[in-house]
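# Secondary and tertiary structure notes
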Amino acid sequence: MGNTEKIIQFGEGGFLRGFADWMIQKMTDVGAFEGKVVVVQPIEQGMCDMLSAQDCKYTHIIRGSEGVETSVIDVISRCVKPYEDFESYLALADIPSMRFIISNTTESGIVFNENDAVDKAPFVSFPAKLTLLLKRRFDKALGGFIILPCELIDRNGDNLKKCVLAYSDLFGFGETFKAWVKNENIFTNTLVDRINTGYPKGEELNLGYEDNMVNTSEYFHLWVIETDFDIEKELPFSKANLNVIVTKDKLEMYRTRKVRILNGAHTSLVPYALLSGLDTVKSCMDDDTMKEHIRKCVFDEIIPTLDLPKDELVDYANNVLIRFSNPYIKHYLSSIALNSVSKFKVRVLPSILEYNKRFGKLPQTLTFAFAKLIEFYRTDMTNDAPEVVEFMKTASVKDILAKTEYWGTDLSFMYDEVAKHVD
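Description of the structure in this document. (Residues numbered from 1 in each chain as written. Predicted model: local features only at pLDDT ≥ 70, side-chain atom pairs only at ≥ 80, totals over all residues. Heavy atoms only, no water.)

## A look at the overall build of the chain
The criterion, for reference: Helical segments are the DSSP runs of H or I of at least four residues, strand segments are the runs of E of at least two, and each set is numbered from the N terminus. Using a 1.4 Å probe on the protein chains alone, a residue whose accessible area is under 20% of its type maximum counts as buried, one over 50% counts as exposed, and one in between counts as partly exposed. Contact definition: two residues touch when any of their heavy atoms are within 4.5 Å. Using a 1.4 Å probe, the Shrake-Rupley method yields the accessible areas, and only the shown protein chains count as cover for residues.
Summing up its helical and strand segments, the chain has 19 helices and 12 strands in all. A principal-axis box enclosing the C-alpha atoms of the chain has dimensions of 70 × 55 × 40 Å. Of all 423 residues assigned to the chain, the portion counted as buried reaches 54%. Considering only residue pairs separated by 6 or more positions, the chain has 74% of its internal contacts joining residues 24 or more positions apart. Accessible area of the chain: about 18500 Å², with a carbon and sulfur share of 47%.

As structure tokens, this is what we get:
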């Protein structure tokens, strides 16, 4: 039973190997799950040859301010390369024990291309490949799959299902097949969160053996899976104490939590920190002024605008600060600063507006962060669309706040509080 192949995984990169495969290893180690993963290389050029050369085993190293933890991941049975052998890929559908499909084909992976055709296999598009795999499964009269896409787009499962149904129409597979796709397969929506830092180039690891596929990550991990299906019966994450949340309808609340707290903390910090001469997130956590700025933003002004239980929000926020302090991750502020205006609109402004709505006043620290954003765009450190850079650099504070095209609403009511902080 332990060697039975149960999972088809689209993607062999550092993220899935340090996230899904690591979790499967954890469940296997405690005797909660028996089954192997077959990795499908979703693009023509990839790392499957390197992985296969070492029997699909590799070392995963978790590193952070909490310490260092090393483990060997041995849950992948083999790799399949559709661009070299498409039949071997389709034959995965013939294995009765196959039950799960996991994917991470980048944000642009879940797309529909109307120019794809059956005789163009193996296609560029992941959903087209998946549609043919499902059709093969259907033709064999075998059961459907539980599908866990990890691509970083909203409603990833819903969007993947739409693409598969669109390909079914394009390929002329008929209504009976479409009904089977809808009724016999479970497309979950997911939210994933873990920083995987890949192979530690230039470091002396002293493993005692050669491993070209070493992967590294932070300690924190979170997988939110939205489904009505009792997935724990088949993937018992809780038995391995994994930070996996299965919810029927609250994925959006957890996504909002991540965007407002994790991403919002980044975006409300970066302009101020760069103006202060700092260069990495870790350097901010080592600076008392910046650390206090982050704490006020998150705990005093962002958390009060969110609707999940406060202890959950505080626990998540504490984890965010631990992650920001990770000495093994060099997260440059300049990379986070890319397109800061649009990021501020999505990540920080909703917290400002919701705080104002709930408490009848503007949040002082986030408003200060807005002022620093404006000040930052008057420097030459910005990286944004030329027209955004030009406007933000030359416009008055009043005109910037009134720019509904940037903010989605007129923010002129914030003028007094913002302008007093702009040098």
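## Thoughts on empty space enclosed by the protein
The probe, sized like a water molecule, is rolled over the atoms to show the empty space still left. We apply this condition: Cavities and pockets are defined on a 1 Å grid built over the protein atoms alone: a cavity is a set of grid points where a 1.4 Å probe fits but cannot escape, while a pocket is an open set with protein on both sides within 12 Å along at least five of seven lines, and lining residues are those with an atom within 4 Å of any such point. Grid points are joined across faces, edges and corners, and a volume is the space filled by probe spheres set on the points. Classes in brief: Ala, Val, Leu, Ile, Met, Phe, Trp, Tyr, Cys and Pro nonpolar; Asp, Glu, Lys and Arg charged; the others, Gly included, polar.
Evaluation of the coordinates by the stated rule reveals two cavities of 30 Å³ or more. Looking at the largest cavity, the residues that line it are Gly64, Glu66, Glu218, Tyr219, Phe220, Ile322, Arg323 and Asn326. In terms of residue class, the lining of the largest cavity is built from three nonpolar, two polar and three charged. Space inside the second largest cavity adds up to approximately 30 Å³. If you go around the second largest cavity, the residues you meet are Ile7, Ala20, Met23, Ile24, Met27, Ile102, Trp223, Leu235 and Phe237. Top element by residues in the lining of the second largest cavity is helix α2 (residues 20-29). It accounts for four residues. Here the residues of the lining of the second largest cavity sort into nine nonpolar, no polar and no charged.

## Observations concerning the sheet that holds strand β4 (residues 67-73)
Put simply, the test is: Two strands qualify as a pair provided that DSSP identifies no fewer than 2 bridges between them. Under this scheme, a helix contributes an axis fitted over its contacting stretch, all axes are lines through C-alpha atoms, and angles between N-to-C directions fall in the 0 to 180 degree range.
Pairing within the open sheet is mixed, and its three strands lie in the order β4-β3-β10. Of all the strands in the sheet, the pair left with one neighbour each is β4 and β10 (215-217). Between one strand and the next, the sheet's axes are offset by a mean angle of 20°, whatever the strand orientation. Relative to β4, strand β3 (residues 58-64) runs antiparallel, the two sharing seven bridges.

## Describing the nonpolar core
Quick note on the threshold: Take the buried residues of types Ala, Val, Leu, Ile, Met, Phe, Trp, Tyr and Cys, join any two whose side-chain atoms come within 4.5 Å, and each joined set is a nonpolar core.
Core analysis: the biggest nonpolar cluster contains 63 residues, and Ile261, Val298, Phe370, Met392, Trp407 and Val418 have the highest contact counts within it. Tallying contributions element by element places helix α8 (residues 251-275) first for this core, with 10 residues. When residues no more than four places from it in sequence are discounted, the contact partners of Trp407 are Val341, Phe344, Lys345, Leu349, Phe370, Leu373, Ile400 and Leu401. Within the second largest apolar cluster, 36 residues are counted, among which are Trp22, Tyr58, Ile231 and Ala240.

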